[in-house]
Amino acid sequence: MTPARRARQQALSTLAIHGGAREPEIDDPIVTPLVQSASYVQDVGTAEGLKYPRYGNTPNADLVQRRLAALESAEAGLLLSSGMAATACALLALLRPGDHLLACKWIYGGTIQLLTKEFTALGIDVTLADPLESRAWRKRLRKETRAIFIESPVNPTCRVLDLRPISVIAQAEGLALVVDSTFASPVNFRPLEHGADVVIHSTTKYLNGHHDMMGGAVLGTAPYVEEVRQKMMMWGGAPDPFACWLLERGLKTLHVRVSRQNENALRIAQWCSARKEVRAAHYPGLPSHPDHEIAVAQLSGFGGMLALELAGGGRATERFLRKLKLIRHAPSLGGVDSLISEPRHNSHAHLTPDERTRLGIPDGFLRVSVGIEDADDLIADIEQALH
Ligand SMILES: *Cc1c(COP(=O)(O)O)cnc(C)c1O
C-alpha cells in the first residue's frame, strides 16, 4: 500500500467497523472481548497508566472512543454514562462561575433543565436565544460569553440550524461552538467539518441503535477532551465496560441502519403529508419543510426522525397511539424498532401548553423515530390507526 493510499480517509461505513482498531495479530478474536473488570494490576512505584473504569481508560472504552473520533473527524473522543452526562461534562469543562453560555432555545428538554436549573445554580449565566429572530446570536453576546450551544436537527421539531453563520460568530469571538448532533449521527451530519468545535451525542440513540444501552459521547481536540475526562472522573459519569461493548457492536451497522432509516422516514413523511388527518408532517427532506434548503446543503441524509401534527389535537393522538400495532408508544429514539412518543407527556412535560406551542410542539404533536422495518408495513400500521 502506498503512503498516499494509506493516508486516504476511509468511508464512514468502513470506519464504523474498523476505525481506531490496532493492527491485528494471529489468533486475535474478530469481536473485541468484553473486559468487565473494575480493577487492573498496577505497576509499582508510579501512577502512570493507572486504569479504572471511572477514568474512562479501560479497553472497551478506549477502542470505541477512537472509533467515534474517526467517525466525527475529531482528534479525540470520550464516552460517558449518558447523553446528559456528556452534555454536563462537556460544558463544565468550558464554563466557570461568572461565565455566560449562549444556547439555542430549541434544544432537548433535559438539556434546557440542566442549563436553566443546574448551571445557573453554579453561577453560570445562560441565555436561550430564538434562532428565528434576526441577529439572534450576535445580539446576545456578552464579554463573559464563553460558548454557544446548539442542537441540530432539533429534538423533537426536526428543525435544522444553519451552522455556518453561527460558527463564523463563534470563531470571530473566540467562543467554543458545541453541537448536540444526536439526531443526525455522523452518517447524516459531521458538525466538526462545518465549523463546530465540540460534538455531543447521546449514544443511547443512533450510535448504539438497538435500544439496549445508555451512553453519551464528547468529541473534540485532544486537550479539550482530556478536560472533559477530568470532569467525568470527578462528577462520576463514566460508562460501564459492557455499555461500551454494546455500543461497539451497534456501531458496526450504523451506516446501513441510518441509510435505511433515512429512506423509511422520507417515505412515511411523504405519505403522511398527503393525508387529511395529518395537519402537518415535519421532515427536513420534504420541500415544504422550512429548513429544507439548509438540510440539502449541510446534511448527507435527512434522518430517521419526523414529527406529525394530527388534525384532531390531543384527543386524536391518544386514539391514534392506542390503535398502532407495529410502531410502539415509547420514549427514546434512533433504534431499529420504530417508536412514537408525545413530547407533552415526556421530554416537554415540564412546560405549559402555551410554552410548548411557542416551541412548535402543540397538543396533537407526535415524534416518530423510524426504525428499519419495511416502509410499507409501517405505512400500513399508520393508515389503520388513522381510520
Ligand atoms: C436523548 C437525548 C439527550 C440525552 O441523552 P441520554 O442518553 O438520554 O442522557 C440529549 N440530546 C438529545 C438530542 C437527545 O435526543
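Residues numbered from 1 in each chain as written. Predicted model: local features only at pLDDT ≥ 70, side-chain atom pairs only at ≥ 80, totals over all residues. Heavy atoms only, no water.

Structural notes on helix α4 (residues 83-92)
Okay, step 1: Judged by how many residues are buried, α4 sits mostly within the fold: nine of ten residues are covered.
Okay, step 2: Of the positions making up α4, those classed as buried are G83, A85, A86, T87, A88, C89, A90, L91 and L92. (Buried < 20%, exposed > 50% of the residue type's maximum accessible area, 1.4 Å probe, protein only. Helix = DSSP H or I, 4+ residues; strand = E, 2+ residues; numbered from the N terminus.)

Observations regarding the site of the ligand
Okay, step 1: Near the ligand there are 14 residues, and of these M84, D180, S202, T204 and K205 occur at the shortest range.
Okay, step 2: Residue M84 places a main-chain N or O atom 2.9 Å away from an oxygen atom belonging to the ligand.
Okay, step 3: One of the side-chain N or O atoms of N155 is found 3.1 Å from an oxygen atom in the ligand. (Near = heavy atom within 4 Å. Polar contact = N/O pair within 3.5 Å; in protein donor to acceptor, adjacent residues only side chain to side chain.)

Structural notes on empty space enclosed by the protein
Summary: where empty space remains is shown by rolling a probe the size of a single water molecule over the atoms.
Okay, step 1: All chains considered together, the criterion is met by three cavities of 30 Å³ or more.
Okay, step 2: Roughly 70 Å³ of internal volume is contained in the largest cavity.
Okay, step 3: Every residue lining the largest cavity is listed: P153, C158, F183, A184, N188, P284, L299, G301, F302, G303, G304 and M305.
Okay, step 4: Along the lines of polarity and charge, the residues of the lining of the largest cavity split into eight nonpolar, four polar and no charged.
Okay, step 5: Here the lining of the largest cavity spans two domains, since at least three of its residues come from each of domain 1 (12-251) and domain 2 (254-386).
Okay, step 6: Put simply, the second largest cavity is a space of about 50 Å³.
Okay, step 7: When grouped by side-chain class, the residues that make up the lining of the second largest cavity number seven nonpolar, three polar and one charged.
Okay, step 8: Two domains each provide a minimum of three residues to the lining of the second largest cavity, namely domain 1 (12-251) and domain 2 (254-386). (1 Å grid on protein atoms, 1.4 Å probe; cavity = no way out; pocket = protein on both sides within 12 Å on 5 of 7 lines; lining within 4 Å. Points joined across faces, edges and corners; volume = space filled by probe spheres on them. Nonpolar A, V, L, I, M, F, W, Y, C, P; charged D, E, K, R; others polar. Domains from an automatic or database assignment.)

Notes on the pairing of strand β5 (residues 176-180)
Okay, step 1: When you tally the buried positions in β5, you get five out of five residues, the bulk of the element.
Okay, step 2: The alternating pattern of β5 places A176, V178 and D180 on one face and L177 and V179 on the opposite face, and all of these are buried.
Okay, step 3: Here strand β4 (residues 145-151) pairs with β5 via five bridges, running parallel. Bridge pairing links I148 to L177 in β5. (Pairing = 2+ DSSP bridges.)

Digging into the sheet that holds strand β1 (residues 76-80)
Okay, step 1: Spatial strand order, β1-β7-β6-β5-β4-β2-β3: seven strands in an open sheet with mixed pairing. One side of each edge strand has no neighbouring strand; the edge strands of this open sheet are β1 and β3 (125-129). Across the sheet, the mean angle separating the axes of adjacent strands is 20° when strand polarity is ignored.
Okay, step 2: Of the pairings in the sheet, the one linking strand β2 (residues 100-104) to β4 comprises four bridges and is parallel in character. Directly across from L102, in β4, lies its bridge partner I148.
Okay, step 3: Its contacts with the sheet place helix α3 (residues 59-71) against β1 and β7 (216-220), and it is angled at close to 130° to β1. (Axes fitted to C-alpha atoms, helices over the stretch in contact; angles between N-to-C directions. Contact = heavy atoms within 4.5 Å.)

With respect to the side chain of T145
Okay, step 1: By the secondary structure assignment, T145 is in strand β4.
Okay, step 2: In terms of polar contacts, T145 uses its side chain to reach the side chain of H100, at 2.8 Å.
Okay, step 3: Among the polar contacts listed, one links the side chain of T145 to the backbone nitrogen of R142, at a separation of 2.7 Å.
Okay, step 4: Not counting the four nearest positions on each side in its chain, T145 is found in contact with H100, L102, R140 and L175.

What about the domain arrangement of the chain?
Okay, step 1: Each domain of the chain was delimited in the assignment, giving domain 1 (12-251) and domain 2 (254-386).
Okay, step 2: A separation of 26 Å is found between the C-alpha centroids of domain 1 and domain 2.
Okay, step 3: Between domain 1 and domain 2, the residue contacts involve 38 residues of the former and 39 residues of the latter.
Okay, step 4: Summed over both partners, the interface of domain 1 with domain 2 buries about 3200 Å², with 62% contributed by carbon and sulfur atoms.
Okay, step 5: Taken together, the links from domain 1 to domain 2 amount to one salt bridge.
Okay, step 6: Of the charged contacts in the structure, one is a salt bridge between R159 and D291, with a shortest N-O distance of 2.6 Å.
Okay, step 7: Taken together, the links from domain 1 to domain 2 amount to 19 residue pairs in polar contact (both at pLDDT 80 or more).
Okay, step 8: Of all the secondary structure elements, the ones that give two or more residues to the side of domain 1 that touches domain 2 are α2 (12-18), α5 (109-121), α7 (163-173), α8 (185-188) and α10 (241-251). (Buried area = accessible area lost by both parts, 1.4 Å probe. Salt bridge = Lys/Arg side-chain N within 4 Å of Asp/Glu carboxyl O.)

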